[in-house]
Amino acid sequence: MKFCLDPGHGGIDSGAMFRSGVREADINLSVALKTADRLKTLAQQVILTRSHDTKISLLDRVRIANLNNVDVFCSIHCNFASNPQARGIEIFHYPGSEKGNLLATTLLGSVLSQISLPVRGIKTQNFYVLRYTKMPAALIELEFLSNPEASCLLTKEWVQNRFADGIAFGLVRFAQKYAQKT
Ligand SMILES: [Zn+2]
């Protein structure tokens with residue numbers, strides 16, 4: 001199976017920022033690289049939309065996934081809210097996508113089996129990368145950078161490793177069960 005991991009933001013687009021200077025783009029990339037390593041040890045093929053701190057357009061992210069004909073697409077982000085108490089993981093899929101829903105649900109269960117987090121649930125959203133990718137796709141918001149505790153967790157190596165394991169195992173489980181090409 002071939003997977004596309006898409007670390008959100010990058011380069012001059014830092015994404016969400018915590019006041020301590022933690023950049024969302026860096027956390028996303030770090031978790032994506034660890035997830036890619038896990039997938040490779042599971043004998044899977046991995047394409048990354050970026051593997052460095054570079055800015056890349058949404059169009060190019062979608063193009064990379066579609067041109068490489070990957071089986072599953074997974075975008076990795078961190079959340080941000082004006083309320084600093086907001087916490088938890090949420091996973092998005094494209095509205096009405098059954099496979100997207102199964103992917104999001106599988107990923108959520110898999111991540112929660114690796115790390116205990118408040119759950120905000122499975123949601124739908126008309127995100128560009130979910131709309132234009134041709135394969136089952138999900139976008140994970142790992143946790144809130146705007147929450148001091150969660151932001152501290154997100155920078156920890158062991159936490160990033162748990163996320164990476166959860167995402168990698170979830171992707172493989174989903175692909176084995178559902179990701180048949182039409
Ligand atoms: Zn983001």
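Anything mentioned here points back to the structure above.
A short tour of the structure in this document, coming up. These numbers were taken from a predicted model, which means no experiment stands behind them.

1. Regarding the overall build of the protein
Looking only at helices and strands, one finds six helices and six strands in the protein. When the helices and strands of the protein are listed from N to C terminus, the series reads β-α-β-α-β-β-α-β-α-β-α-α. A globule of 182 residues ought to have a C-alpha radius of gyration of about 16 Å, and the protein, at 15 Å, matches this closely. The principal-axis extent of the C-alpha atoms belonging to the protein is close to 45 × 35 × 35 Å. Classification of the 182 residues of the protein by burial places 47% in the buried group.

2. Overview of the pairing of strand S3 (residues 72–79)
Of all eight residues in S3, eight are buried, a share of seventy percent or more. Burial along S3 is two-sided: Val72, Cys74, Ile76 and Cys78 and Phe73, Ser75, His77 and Asn79, pointing in opposite directions, are all buried. Both strand S1 (residues 2–7) and S3 contribute to a ladder of five bridges, which runs parallel. Its bridge partner being in S3, Cys4 is matched across the sheet by Phe73. Taken together, the six bridges between S3 and strand S6 (residues 137–144) define a ladder with parallel strand orientation. Residue Ile76 lies in a different strand from S6, and its bridge partner there is Ile140.

3. Quick look at the packing of helix H1 (residues 24–41) against helix H6 (residues 157–178)
In helix packing, the relevant descriptors are the interaxial angle and the interaxial distance, both defined with respect to the helix axes. One way to put it is that H1 packs onto H6 with a least axis distance of 8 Å and a crossing angle of 50 degrees. Judged on the interaxial angle alone, H6 and H1 are oblique. Seen from above, H1 lies across H6 with right-handed handedness. Within the contact between the two elements, H1 uses Ser30, Val31, Lys34, Thr35, Arg38 and Leu39 and H6 uses Gln160, Asn161, Phe163, Ala164, Asp165, Ile167, Ala168 and Leu171.

4. A look at the nonpolar core
In terms of nonpolar packing, the biggest core is built from 54 residues, with Val72, Cys74, Ala138 and Leu171 touching the most fellow members. Per element, the largest residue contribution to this core is ten residues, and it comes from H6.

5. Re helix H3 (residues 98–112)
Taking 1.5 Å of rise per residue, 15 residues should cover 21 Å, and H3 covers 21 Å from first to last C-alpha, within 8% of that figure. Along H3, the residues that are buried comprise Gly100, Leu103, Ala104, Thr106, Leu107, Leu108 and Val111. Summarising the contacts, the buried residues of H3 are in contact with S3, strand S4 (89–93), strand S5 (119–124), helix H4 (128–132), S6 and H6.

6. Looking at the sheet that holds S5
Ordered by their spatial adjacency, six strands build an open sheet running S2-S1-S3-S6-S4-S5, and the pairing between neighbours is mixed. Only two strands of the sheet have a single neighbouring strand rather than two, namely strand S2 (45–48) and S5. When the angles between neighbouring strand axes are averaged without regard to direction, this sheet yields 20 degrees. Sheet strands touched by H3: S3, S4, S5 and S6. Its angle to S4, the strand with the most contacts, is close to 160 degrees.

Reading the values: the criteria
- Residues numbered from 1 in each chain as written.
- Predicted model: local features only at pLDDT ≥ 70, side-chain atom pairs only at ≥ 80, totals over all residues.
- Helix = DSSP H or I, 4+ residues; strand = E, 2+ residues; numbered from the N terminus.
- Rg over C-alpha atoms; globule rule 2.2 N^0.38 Å.
- Buried ≥ 20, exposed ≤ 12 C-beta atoms within 10 Å, placed from the backbone.
- Pairing = 2+ DSSP bridges.
- Axes fitted to C-alpha atoms, helices over the stretch in contact; angles between N-to-C directions.
- Parallel < 35°, antiparallel > 145°, perpendicular 65-115°, else oblique.
- Left-handed = near helix turned anticlockwise from the far one by under 90°.
- Contact = placed C-beta atoms within 7 Å.
- Core = buried A, V, L, I, M, F, W, Y, C linked by C-beta atoms within 7 Å.
- Expected span 1.5 Å × (residues − 1).

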